[in-house]
Structures are given as structure tokens and as C-alpha cells.
Amino acid sequence: MKSGVRHQLAEKMAGEITLSDSPGQALKKWRQSFNIPPGVLAEHLEVSPSVISDYESGRRKSPGTAIVGKIVDTILSIDEDNGGRFINKFAKILYSEFDEDVIYDIHEYASPVALSDFAEVIGATKLCGSMDQTVYGYTVVNSLNAILQLSSSEFNRIYGWSTERALIFTEVSTGKSPMVAIRVTPFKPRCVVLQGIGPDEVHPLIPGLAERDRITVLCTEMDVETIISSLRGKLW
């Protein structure tokens, strides 16, 4: 494991948690991004699970920088003990540039954004799945170029720093191709937005594929430039 990668990740994670308006939510996001149950994190920190729960819910005063650093270090150590799967994933993001013809825009939120609010900004309607969700970011992806140019491992780069995000696939015809690509990759987004088509144009297989991975699927006919400018204009 590259120590430089670990250090950069630790700085990013600790900085985001400390500077966030909702430090507990930011902490929860990173814990979930590394797929670590709260009980496991508590055990390694030698604290009660209720301590983690209280921090994440905001019931306990926000941890100081020293405690945040210890929590971040523990999250990274747990992942290293499990083979470094998520550190390796984030390392690829740290050391990779996105092709402009594949990724049109990518953005992270320090605090969760209600999916219903997100959908309203981009004029999206629900095809299937729950709207009682939150996202921590979004990626606007050219669906055809992503499928043609990215290997399965490179495809994971579109998730940015968290899979709890909305993947907006542009210029889709039926939505089948991006959903199949997601189906065969290990990481799953919270939400998929199919841009350029309405619900009646979506392939009939989509709801079934989405249900298996508990993905909410939205459709929007708003043009790509307006989607990006609208999302960038929100101070979330």
C-alpha cells in the first residue's frame, strides 16, 4: 500500500469531516464508503457502538481534530487489514485524470442531499425505486463513451469518492446499456438518472435490474448543459 495514498486519503477524509456543517453525516458517509459497520468501527476504537451512533446523528458534540484523525486512521487500518479494497479504489481516483468525453462533470457534497430535492433541480421523474434517499454527490457521464472506452475497473472511477451518489448517464436510447454495465461491476450507485428520454421510452428490463441492486432510477429530458449549470448553482 502506498503510504502517500494513505496520507492523502486521510487528509481528505479528516478535512471534509472537520470542515463540514454536519460532521456526523460526513463521518457516516466515509464509514459507509468503506463498508464498515458501526459496531466494527466502535470495536476497533474500543468505544461503545452508541458513541459512533451519537457522533453520526449529532447527539454528541462534534469530535475534535484529534478524535477525527483517530477515527479516519482506524477506518483506513480496517480496510488495509481486509486487503485495501477501498483504498485501492480511491487511489485510482487520486492518480487518474478523467477524460472529458467520458466524464462531463463530477462533484461531491460534504453533507447529504435529499434525492427528491436533487431530482427537482434536474427536472427528473421517478421510474422506479425509493425517493426516501440521500446522495453525497453526482457524476455526469457520457453513457456510450463510458461503455466503449472504460474497462470494468476504470468504470468504477465514475463513482468519485462515494457510491452514495447519482450517476447521470447522458444521451441514452433505452437505458439498458448503462444499467447492464452497473450490474456487472462491484460498486452500485444510490441513484441512476437516464438523460434524454422519458419513462415510457425506458427498456422494460430496467426496473428489474434496478430492483436487484436497490437503485432508484430517474428520467430527465433536460439538456446536459442545463443539468450541469443547475446542479453547480445549488449551494448544497
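Look up a bit, the structure's there.
Residues numbered from 1 in each chain as written. Predicted model: local features only at pLDDT ≥ 70, side-chain atom pairs only at ≥ 80, totals over all residues. Heavy atoms only, no water.

### Concerning the overall build of the protein
Here comes step 1: Secondary structure assignment for the protein yields 12 helices and 6 strands.
Here comes step 2: For 236 residues, the compact-globule estimate of 2.2 N^0.38 gives 18 Å, and the protein sits close to it at 18 Å.
Here comes step 3: Principal-axis analysis of the C-alpha atoms places the extent of the protein at approximately 55 × 35 × 30 Å.
Here comes step 4: Buried residues in the protein amount to 48% of all 236 residues.
Here comes step 5: Partitioning the contacts of the protein with sequence separation of at least 6, the portion at a separation of at least 24 is 78%.
Here comes step 6: Carbon and sulfur atoms make up 49% of the accessible area of the protein, which amounts to about 11,200 Å² in all.
Here comes step 7: When the 24 positive and 30 negative side-chain charges of the protein are each reduced to one mean point, those points stand 6 Å apart. (Helix = DSSP H or I, 4+ residues; strand = E, 2+ residues; numbered from the N terminus. Rg over C-alpha atoms; globule rule 2.2 N^0.38 Å. Buried < 20%, exposed > 50% of the residue type's maximum accessible area, 1.4 Å probe, protein only. Contact = heavy atoms within 4.5 Å. Areas by Shrake-Rupley, 256 points an atom, 1.4 Å probe, with all protein chains shown as cover. Lys, Arg positive; Asp, Glu negative; His and termini not counted. Charge placed at Lys NZ, Arg CZ, Asp CG, Glu CD.)

### Overview of the layout of surface pockets
Here comes step 1: There is about 380 Å³ of room inside the largest pocket.
Here comes step 2: The wall of the largest pocket is formed by 16 residues, among which Gln 32, Asn 35, Thr 163, Glu 164 and Lys 188 lie closest to the centre.
Here comes step 3: Among the residues forming the lining of the largest pocket, the class breakdown is 4 nonpolar, 5 polar and 7 charged. (1 Å grid on protein atoms, 1.4 Å probe; cavity = no way out; pocket = protein on both sides within 12 Å on 5 of 7 lines; lining within 4 Å. Points joined across faces, edges and corners; volume = space filled by probe spheres on them. Nonpolar A, V, L, I, M, F, W, Y, C, P; charged D, E, K, R; others polar.)

### Concerning helix 3 (residues 38-45)
Here comes step 1: By the burial criterion, the buried members of helix 3 are Leu 41, Ala 42 and Leu 45. Here the buried residues of helix 3 occupy an arc of 100° about the axis, which is enough to place them on one side.
Here comes step 2: Where the residues of helix 3 are buried, they touch helix 2 (23-33), helix 4 (49-57) and helix 5 (65-81).
Here comes step 3: Among the residues trailing helix 3, Glu 46 stands out with phi positive, at a value near 60°. (Arc of directions from axis to C-beta.)

### Re helix 2
Here comes step 1: Burial of helix 2 is extensive: 8 of the 11 residues sit out of reach of the surface.
Here comes step 2: Among the residues of helix 2, those classed as buried are Pro 23, Gly 24, Ala 26, Leu 27, Lys 29, Trp 30, Arg 31 and Ser 33.

### What about the nonpolar core?
Here comes step 1: Counting residues in hydrophobic clusters, the biggest one holds 51 residues, and the most contacted among them are Phe 34, Ile 158, Phe 169, Met 179 and Ile 182.
Here comes step 2: Of all the elements, helix 5 adds the most residues to this core, at 6 residues.
Here comes step 3: In contact with Phe 34, other than residues within four places in its own chain, are Met 13, Ile 75, Leu 76, Asp 79, Phe 86, Ile 87 and Phe 90.
Here comes step 4: Formed by 20 residues, the second largest nonpolar core is a distinct cluster that contains Tyr 109, Phe 118, Ala 166 and Ile 227. (Core = buried A, V, L, I, M, F, W, Y, C linked by side-chain atoms within 4.5 Å.)

Function cannot be inferred from these measures alone, as they are strictly geometric.
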